[in-house]
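Listed below, chain by chain, are the residues.
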Amino acid sequence: MRQPGLSVIIPTLNEAKTLEARLERLLALWACGVEIIIVDGGSQDDTVAKASRVAVRVIESPPGRAVQMNAGAHAATAGQLLFLHADTQLPRRADRLIDAALAGRHRWGRFDIRLEGRHPMLPVIATAMNWRSRLTGIATGDQALFMTRGAFDEVGGFPDQPLMEDIALSKRLRRLSPPACLRQRVSSSGRRWEHNGAWPTILLMWRLRYRYWRGEAPEQLARAYRDVR
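Residues numbered from 1 in each chain as written. Predicted model: local features only at pLDDT ≥ 70, side-chain atom pairs only at ≥ 80, totals over all residues. Heavy atoms only, no water.

1. Observations concerning the pattern of salt bridges
Thought 1: Following the criterion strictly, the structure yields ten salt bridges and no others.
Thought 2: Note that R93 is salt-bridged to D95, the shortest N-O span being 2.8 Å.
Thought 3: Its relative accessible area of 10% is what places D95 among the buried residues.
Thought 4: Residue D112 pairs with R134 through a salt bridge whose shortest N-O separation is 3.0 Å. In this pair, D112 is assigned in strand 6 (residues 108-116) and R134 in helix 6 (residues 122-136), connecting sequence segments 22 residues apart.
Thought 5: On the accessibility criterion, D112 (5% relative accessible area) is buried.
Thought 6: What emerges from the salt-bridge pattern is a single network uniting R110, D112 and R134. (Salt bridge = Lys/Arg side-chain N within 4 Å of Asp/Glu carboxyl O. Buried < 20%, exposed > 50% of the residue type's maximum accessible area, 1.4 Å probe, protein only. Helix = DSSP H or I, 4+ residues; strand = E, 2+ residues; numbered from the N terminus.)

Spelled out as structure tokens, the structure:
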């Protein structure tokens, strides 16, 4: 059996309501030889059962997004890794887009993002996220981080922390190469901004980023984050 070129790693925790539909959208990639790995952090609902019907591989690990993604990367067999949130949808033939992006000087990258929902601020927030990422060379997990296996191993994977693990990894990867910032968009849920309010959520995230930049421990910041996993 031919070794896959890309492994998609999806950390989950109590995602049964939407996971099956999301995974079905990945079947086209699976049919093209992409490896799909679900890493569950101890769901109390039917997440594992539903994932087992669709995903190629389902493994379990201790909870924590960084821990789960590292476990998935350890189990992956491809030379390219894509870390995908359970509520994020990839553009068509994302495997080809990633392969082309990593064929040159770039060793890692991310997609632009579109936020799903009805709140009128969501397009503005997504645009700001995309431009901030381009200007700083820092990406968030919502933007579907991808990289070569070599780059992931060289920087030691995700740091074992409960928050800002994607920012910390981006800073490590940025030392190896600038990110490939793909204009093709992933679609991600805007529920955080809709449920908690757009401006309160924006202010919360900026406060957390500022405190993280000042050197505050991620464990302490996690207590202030309503949706930490």
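2. Things to note about a nonpolar patch on the surface
Thought 1: Together, L27, W30 and V56 make up an exposed nonpolar region whose accessible area comes to about 280 Å².
Thought 2: Relative to the elements of secondary structure, V56 occurs in the loop between helix 3 (47-54) and strand 3 (57-60).
Thought 3: Looking at V56, the relative accessible area reads 42%, which means it is partly exposed. (Patch = residues over 30% accessible without salt bridge, like charges linked within 9 Å, V, L, I, M, F, W, Y side chains within 5 Å. Areas by Shrake-Rupley, 256 points an atom, 1.4 Å probe, with all protein chains shown as cover.)

3. With respect to the packing of helix 1 (residues 16-24) against helix 3
Thought 1: Two numbers describe how helix 1 lies on helix 3: the axes approach to 9 Å, and their chain directions differ by 10°. Judged by the angle between their axes, helix 1 and helix 3 are roughly parallel. The residues of helix 3 that touch helix 1, namely those facing A16, L19, E20, L23 and E24, are T47, K50, A51, R53 and V54.
Thought 2: Of the residues belonging to the contact of helix 1 with helix 3, the class tally is five nonpolar, one polar and four charged. (Axes fitted to C-alpha atoms, helices over the stretch in contact; angles between N-to-C directions. Parallel < 35°, antiparallel > 145°, perpendicular 65-115°, else oblique. Contact = heavy atoms within 4.5 Å. Nonpolar A, V, L, I, M, F, W, Y, C, P; charged D, E, K, R; others polar.)

4. Thoughts on the environment of E60
Thought 1: On the secondary structure map, E60 appears in strand 3.
Thought 2: Here E60 falls in the exposed class, since its relative accessible area comes to 59%.
Thought 3: Put simply, E60 and D160 are 100 residues apart on the chain and 17 Å apart in space, counted from C-alpha to C-alpha.
Thought 4: Residues within four places of E60 in sequence aside, it is in contact with D40 and V48.

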